[in-house]
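Now for the letters of each chain:
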Amino acid sequence: ANARQAARWLKLASHKGFPRAEALLGYLIFDGKAIAIRPEPVRGLAMLTRALRDAAGQAKLIQPLQEEAFSLSSEDERRTALAYSQSEGPLIDLP
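The sections below set out a description of the structure shown in this document.

What counts, and where the lines are drawn
- Residues numbered from 1 in each chain as written.
- Predicted model: local features only at pLDDT ≥ 70, side-chain atom pairs only at ≥ 80, totals over all residues.
- Heavy atoms only, no water.
- Phe/Tyr/Trp six-rings, centres within 6.5 Å; stacked < 30°, edge-to-face > 60°.
- Lys NZ or Arg CZ within 6 Å of the ring centre and 35° of its normal.
- Salt bridge = Lys/Arg side-chain N within 4 Å of Asp/Glu carboxyl O.
- Helix = DSSP H or I, 4+ residues; strand = E, 2+ residues; numbered from the N terminus.
- Buried < 20%, exposed > 50% of the residue type's maximum accessible area, 1.4 Å probe, protein only.

1. Quick notes on the packing of aromatic side chains
- The full count for this structure, using the stated rule, is 0 aromatic pairs.
- The aromatic ring of Phe70 is capped on one face by Arg78, whose charged end is 4.2 Å from the ring centroid.

As structure tokens, then:
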């Protein structure tokens, strides 16, 4: 399977409430290159932030990814991502 198909599977898993899937998908869309889409740093950081919040015992696996994206984001991107991360429902729809 290619990276884009893997992203679709991650999307399905994240919609079913799996924080690790949401975190990995957020990490992939943060920069976009691996799945050949336009980078979406705000949406990716929001997904990572929400996944970290919801991760419970899995936080140590998600935290390094979230911290990396956070460090690469501007202050405006961070603020917007934080607001998005507090919303309910899916944060991404891949074609």
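2. Observations concerning the pattern of salt bridges
- Counted by the stated rule, this structure contains 6 salt bridges.
- When the shortest N-O distance is used, the salt bridge between Arg79 and Glu75 registers 3.9 Å. Of this pair, Arg79 and Glu75 both sit in helix H5 (residues 75-85), 4 residues apart, which is roughly one turn of that helix.
- Judged by its relative accessible area of 52%, Arg79 is exposed.
- Glu75 sits in the partly exposed class, given a relative accessible area of 43%.
- Of the charged contacts, one joins Arg79 and Asp76 as a salt bridge, the two residues approaching to 3.2 Å between their closest N and O atoms. Pair noted here: Arg79 and Asp76 are both in helix H5, with a separation of 3 residues, about one helical turn. Asp76 matches Arg79 in its accessibility class, with the two residues each being exposed.
- If you follow the salt bridges from partner to partner, you end up with Glu75, Asp76, Arg78 and Arg79 in one network.

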